[in-house]
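Observations on the three-dimensional arrangement
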Amino acid sequence: MKELTIDTRTVSTNENVNALTEQVNDLQKRYYRSLAPDCEVRTAADRWYLTAIATACAGLVFPPAFIATAVCVYRAKKKGGKR
């Protein structure tokens with residue numbers, strides 16, 4: 001029985017991977033820094049909307065949580081009018 005052997009060259013990619021990783025990390029930092037002002041929770045309405053998002057996610061596992069989502073959206077709209 002014959003064995004098939006294939007000769008392959010080893011290529012050192014650690015330097016390339018490290019450089020690419022640094023570039024990706026820098027891009028992510030700049031991206032998240034630019035998003036930061038838009039993602040701040042500033043008002044009571046923002047807090048209620050954030051809670052509504054969390055309860056909507058929980059509603060996918062526990063459907064009665066959608067009732068809480070509706071309550072949170074109602075309160076958020078109520079608080080949003082008092083800015």
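So, how was this worked out
- Residues numbered from 1 in each chain as written.
- Predicted model: local features only at pLDDT ≥ 70, side-chain atom pairs only at ≥ 80, totals over all residues.
- Heavy atoms only, no water.
- Helix = DSSP H or I, 4+ residues; strand = E, 2+ residues; numbered from the N terminus.
- Polar contact = N/O pair within 3.5 Å; in protein donor to acceptor, adjacent residues only side chain to side chain.
- Contact = heavy atoms within 4.5 Å.
- pLDDT = per-residue confidence, 0-100.
- Phe/Tyr/Trp six-rings, centres within 6.5 Å; stacked < 30°, edge-to-face > 60°.
- Buried < 20%, exposed > 50% of the residue type's maximum accessible area, 1.4 Å probe, protein only.

Glancing now at the side chain of Thr-69. For Thr-69, the location among the structural elements is in helix 3 (residues 65–80). Of note is the side chain of Thr-69, whose polar atom sits 2.8 Å from the side chain of Thr-55. The residues contacting Thr-69, other than those within four sequence positions of it, are Ala-52, Thr-55 and Ala-56.

Right, let's talk about the confidence of the model for the protein chain for a bit. Of all residues in the protein chain, 80% attain a pLDDT of 70 or more, and the chain-wide mean is 82. Put simply, helix 1 (residues 14–35) is where the protein chain has its lowest mean pLDDT, 84, and helix 2 (residues 44–59) is where it has its highest, 91.

Attention now moves to the packing of aromatic side chains. Considering all chains together, one arrives at 1 aromatic pair under this definition. Geometrically, the ring pair formed by Tyr-31 and Tyr-32 is edge-to-face, given 5.4 Å between the ring centres and 65° between the ring planes. Overall, the relative accessible area of 48% leaves Tyr-31 in the partly exposed class. Of the residues examined, Tyr-32 reaches a relative accessible area of 52% and is grouped as exposed.

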